[in-house]
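Summary of structural features
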Number of protein chains: 2
Amino acid sequence: MINHQITIKDIAKQLGISASTVSRALKDHPDISDKTKTKVKALAKELKYRPNAVALSLQSSKSNVIGIIVPQIVHHFFSSVISGIEEYATDNGYNVIITQSNEIVDKEIKNCQTLVSSRVDGIIVSRTKHTTDFKHFQNIIDKDVPMVFFDRTCHGLKTDRIVIDDYRAAYEATEYLIKTGCKKIAHFSGPEILKISAKRMWGFRDALKKNNIPFYEELIINADNFEKGKEAILQLIKENNLPDGIFTVNDMSAAGAINILKSKNIKVPENVSIIGFTNGLVSTITDPPLTTVEQNGFEMGKKSAEILIKRIEDENEENIPYVNEIIPTKLIIRSSTKSL
Amino acid sequence: MINHQITIKDIAKQLGISASTVSRALKDHPDISDKTKTKVKALAKELKYRPNAVALSLQSSKSNVIGIIVPQIVHHFFSSVISGIEEYATDNGYNVIITQSNEIVDKEIKNCQTLVSSRVDGIIVSRTKHTTDFKHFQNIIDKDVPMVFFDRTCHGLKTDRIVIDDYRAAYEATEYLIKTGCKKIAHFSGPEILKISAKRMWGFRDALKKNNIPFYEELIINADNFEKGKEAILQLIKENNLPDGIFTVNDMSAAGAINILKSKNIKVPENVSIIGFTNGLVSTITDPPLTTVEQNGFEMGKKSAEILIKRIEDENEENIPYVNEIIPTKLIIRSSTKSL
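Side note on the overall build of chain A
Of regular secondary structure, chain A possesses 13 helices and 12 strands. The C-alpha atoms of chain A give 26 Å as radius of gyration, which overshoots the globular expectation for 340 residues (20 Å, by more than 25%). Taken over the C-alpha atoms alone, chain A extends approximately 85 × 35 × 35 Å along its principal axes. Counting over 340 residues, chain A shows a buried share of 54%. Intrachain contacts of chain A at a sequence separation of at least 6 include 73% that bridge at least 24 residues. Carbon and sulfur atoms form 50% of the exposed surface of chain A, whose accessible area is close to 15700 Å². Looking at chain A, you have 45 positive and 42 negative side-chain charges, and the mean spots of the two groups are 2 Å apart.

Structure below.
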């Protein structure tokens, strides 16, 4: 008795039923008859059965691990979300394994396969910029592995979604530029294929429209990283078409713009005001420090984990309606914009 | 025949031997007798057996996945190493799952358990600042799961190690400050318990000594992040003890120092020269852009993956001597130092 720990298999064998039935009986699964439950529990008690976490995990296929797929772990936003997921997960007895797609669809597909093979209990995803076919995600859903999407979601897939109101955040940022006196405002945008980029662009456009500020097509430039931010500003300078305000799709783009403006002795915010997006470490290091949108990635991560774990742990999870949760954003005022 | 794919189990059953023996026979494992190998291969041929990657994985316990444990994924250095690992791994048919410890030993232990449960083929680790007991790593080694350590390694553990020569890199950086005219040089250091921090500090000290520059104990200040970099400079200014050169243990510390110096109208490099360590994105965004040490994280990652995969794939891996590989560093000269 001392050497041999009673297992679910032992109980199953003795009663002539399957291990899976024993496991579910012990967990009071609704599918198992009361008669069987009573039989199983009585024998478990008699044999002094003690649940073994690892064994339970094997029997019930539960690993207490959450998998994550994000485009890039090094970006402040995604790493904040991961931190939020990890905090909530750890507080609730789950560990977290992370994979990154590097914006490559094939890698995203491989990551899905790897996470499923690693037997994670659920997966939280922000898809690549280029993912248009969602089959690899549907496969996971079909395997009854719950999925929650954040930030970049998949239209048409039956999953929970956690997002920010990109449109509203961009609208408010642009309006702030207008309120501080800007009259010729550019937008450094992300790829239109990404809904979040498109929404930020529309928020920008509508804020201009609402406030009777002219909109110029040539002042919307695709520039979603440091290098492109620099190129975009160089282009505007070369065309003698410098705006007096810029709203950028992310902080790195703004940092690139600031980098070139300073090198040309063009003052920020006196000559050109700039608002970024993300509130990453970069926004405190630029000179001047960057006014930007706080995306609340950490909150988004916590919420994603909360919703996923609820689904993982609910026996009747298919009855929980899918949520579309919106995390509030906030404009962080620093020194790259003028005062009101 | 069309519906049923012949499996290793089928062959085993027909020959009355174990599936594991069949698998190893097909792979020409030295433990299996020639007689058995011939028998197995003949039957496999006759039954038109075709290896199934997933089945092989299950039989041989090979998942083609590498696990990673790092302190923080958001730091440029660690994310560069991860990128290097991923590139080499992907080129060689492996995928990568990442866990972070957040410098918490308990989390590092949990990550070890999670990666082992996920059945990774090998693990690449940089340990936490606080890890002094290596039992959780020894457990993995005892399970015959190969491990490679990089950057922060474990003295006494039988593993491969990939590091940079922190001492030499710090020595060269400090010497550069001296060559450009600095005479009163401070070091913003990392925690002494971390060997890499201690080595950087000793490189700094020895460069001063070799060049007859005075060493002041109060000019070694523990400041290994942005906030601490700011506090350290504020402290030196308050004490009226500003140096004319600073070598910092990482870029964020340097960025913090620059932040305060600029706010006090103290010119960099004219009044205070600064050299950082890492060559992360931050070093191109500071104003002025930061002279710093390129740690070659990407190369380190590729090398770690190369060495790990060699161990994973070699049947006689226990005969491969453990390596202590040193990745070369390079001083990247930017504008936070004076010219020679």
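So that's the structure; there's more coming.
A few points about the interface of chain B and chain A
Each partner contributes to the interface: chain B provides 32 residues, whereas chain A provides 32 residues. Summed over both partners, the interface of chain B with chain A comes to about 2500 Å²; 60% of that surface belongs to carbon and sulfur atoms. Linking chain B with chain A are 4 salt bridges, by the criterion used here. Here Glu86(A) and Lys107(B) are joined by a salt bridge, their closest N and O atoms 3.0 Å apart. At the level of elements, helix H5 (76–91), strand S2 (95–100), helix H6 (105–117), helix H11 (251–263) and helix H12 (282–285) of chain B are the ones that each hand at least two residues to the side of chain B that touches chain A. Among the elements that line the side of chain B that touches chain A, the one with the most residues is S2(B), at 6 residues.

A short note on the sheet that holds strand S9 (residues 273–278) of chain B
Residue and element names in this part refer to chain B. Across the sheet, which stays open at both edges, the 6 strands sit in the order S7-S6-S8-S9-S10-S12 with mixed pairing between neighbours. Where the open sheet ends on each side, the last strands, each with one partner, are strand S7 (220–222) and strand S12 (330–332). Mean inter-strand twist for the sheet, computed between neighbouring axes without regard to direction, equals 20°. Summarising the sheet, strand S10 (residues 291–294) and S12 pair through 3 bridges and their orientation is antiparallel. When the sheet's bridge partners are listed, Val293 is paired in S12 with Leu331. Helix H9 (residues 195–210) contacts strand S6 (185–189), S7, strand S8 (245–248) and S9 of the sheet and is inclined by roughly 170° relative to S6. The sheet contacts of H11 involve S6, S8, S9 and S10, and relative to S9 the element is tilted by about 150°.

Overview of helix H6 (residues 105–117) of chain A
All names here are of chain A. Helix length check: H6 (13 residues) gives 19 Å between terminal C-alpha atoms against 18 Å at 1.5 Å per residue, within 8%. Listed as buried for H6 are Lys107, Glu108, Asn111, Cys112, Thr114 and Leu115. Phi turns positive, to about 60°, at Arg119, one or two residues after H6.

Describing the pairing of strand S4 (residues 147–150) of chain A
All names here are of chain A. Going residue by residue along S4, you find Met147 and Phe149 tucked away on one face and Val148 and Phe150 tucked away on the opposite face as well. Taken together, the 3 bridges between strand S3 (residues 122–125) and S4 define a ladder with parallel strand orientation. Bridging from a neighbouring strand, Ile123 pairs with Met147 of S4. As for the winding sense of the linkage, the β-α-β connection from S3 through helix H7 (residues 135–142) to S4 is right-handed. Both S4 and strand S5 (residues 160–164) contribute to a ladder of 3 bridges, which runs parallel. Its bridge partner being in S5, Val148 is matched across the sheet by Asp160.

Quick notes on the packing of helix H1 (residues 8–15) of chain B against helix H2 (residues 19–26) of chain B
Residues and elements named next belong to chain B. Axis separation between H1 and H2 bottoms out at 8 Å; the angle between their running directions is 110°. One way to sum up the angle between H1 and H2 is to call them roughly perpendicular. Classified by chirality, the crossing of H2 by H1 is right-handed. From H1, Ile8, Lys9, Ile11 and Ala12 reach across to H2, where they touch Ala19, Val22, Ser23 and Leu26.

Details of the environment of Leu47(A)
Residue and element names in this part refer to chain A. Inspection of the secondary structure assignment puts Leu47 in the loop between helix H3 (34–46) and helix H4 (53–60). According to the relative accessible area criterion, Leu47 is buried, its value standing at 15%. In sequence terms Leu47 and Ile320 are 273 residues apart; their C-alpha atoms lie 38 Å from each other.

Here we look at the packing of aromatic side chains
Residues and elements named next belong to chain A. Going through the model one piece at a time under the given rule, you end up with 12 aromatic pairs over all chains. When the ring of Tyr167 is compared with that of Tyr171, the centres are 6.1 Å apart and the planes differ by 35°; the resulting orientation is tilted. One end of the pair, Tyr167, and the other, Tyr171, are both in helix H8 (residues 166–179), 4 residues apart, so they sit about a helical turn from each other. The ring of Phe215 has Arg205 lying over it, and the distance from NZ or CZ to the ring centre is 3.8 Å.

Observations regarding the domain arrangement of chain A
Interface size is commonly expressed as the accessible area that is lost once the parts come together. Taken as a whole, chain A is organised into domain 1 (8–49), domain 2 (63–164 + 297–328) and domain 3 (166–295). On a C-alpha basis, the centres of domain 1 of chain A and domain 2 of chain A stand 34 Å from each other.

Points about the side chain of Asp151(A)
All names here are of chain A. Along the chain, the position of Asp151 falls in the loop between S4 and S5. For Asp151, a relative accessible area of 6% puts it in the buried group. Setting aside anything within four residues of it in sequence, one finds Asp151 in contact with Phe77, Phe78, Ser126, Ile162, Val163, Ile196, Arg200, Gln295 and Met300.

Here's the deal with a negative patch on the surface
A contiguous patch of negative charge on the surface is contributed by Asp142(A), Asp144(A), Asp314(A), Glu315(A) and Glu318(A). Along the polypeptide, Asp314(A) turns up in the loop between helix H13 (297–313) and strand S11 (324–327).

Focus on the confidence of the model for chain A
Residue and element names in this part refer to chain A. Of the residues in chain A, 95% reach a pLDDT of 70 or more, and the chain-wide mean stands at 90. Considering only residues more than four positions removed or in separate chains, one finds that residues 53–59, a stretch of pLDDT under 50, has 12 contacts. Prediction confidence for the complex, expressed as pTM and ipTM, is 0.78 and 0.76 respectively.

Comments concerning the nonpolar core
The tendency in soluble globular proteins is for nonpolar side chains to be buried as a group. In terms of nonpolar packing, the biggest core is built from 84 residues, with Ile66(A), Phe150(A), Ile66(B) and Phe150(B) touching the most fellow members. Setting aside chain neighbours within four positions, we find Ile66(B) in contact with Ala89(B), Tyr94(B), Asn95(B), Val96(B), Ile97(B), Val120(B), Gly122(B), Ile124(B), Leu308(B), Ile309(B) and Ile312(B).

Criteria and thresholds
- Residues numbered from 1 in each chain as written.
- Chains lettered and ligands numbered in written order.
- Predicted model: local features only at pLDDT ≥ 70, side-chain atom pairs only at ≥ 80, totals over all residues.
- Heavy atoms only, no water.
- Helix = DSSP H or I, 4+ residues; strand = E, 2+ residues; numbered from the N terminus.
- Rg over C-alpha atoms; globule rule 2.2 N^0.38 Å.
- Buried < 20%, exposed > 50% of the residue type's maximum accessible area, 1.4 Å probe, protein only.
- Contact = heavy atoms within 4.5 Å.
- Areas by Shrake-Rupley, 256 points an atom, 1.4 Å probe, with all protein chains shown as cover.
- Lys, Arg positive; Asp, Glu negative; His and termini not counted.
- Charge placed at Lys NZ, Arg CZ, Asp CG, Glu CD.
- Buried area = accessible area lost by both parts, 1.4 Å probe.
- Salt bridge = Lys/Arg side-chain N within 4 Å of Asp/Glu carboxyl O.
- Pairing = 2+ DSSP bridges.
- Axes fitted to C-alpha atoms, helices over the stretch in contact; angles between N-to-C directions.
- Expected span 1.5 Å × (residues − 1).
- Right-handed = clockwise from strand over helix to strand, strands pointing away.
- Parallel < 35°, antiparallel > 145°, perpendicular 65-115°, else oblique.
- Left-handed = near helix turned anticlockwise from the far one by under 90°.
- Phe/Tyr/Trp six-rings, centres within 6.5 Å; stacked < 30°, edge-to-face > 60°.
- Lys NZ or Arg CZ within 6 Å of the ring centre and 35° of its normal.
- Domains from an automatic or database assignment.
- Patch = residues over 30% accessible without salt bridge, like charges linked within 9 Å, V, L, I, M, F, W, Y side chains within 5 Å.
- pLDDT = per-residue confidence, 0-100.
- Core = buried A, V, L, I, M, F, W, Y, C linked by side-chain atoms within 4.5 Å.

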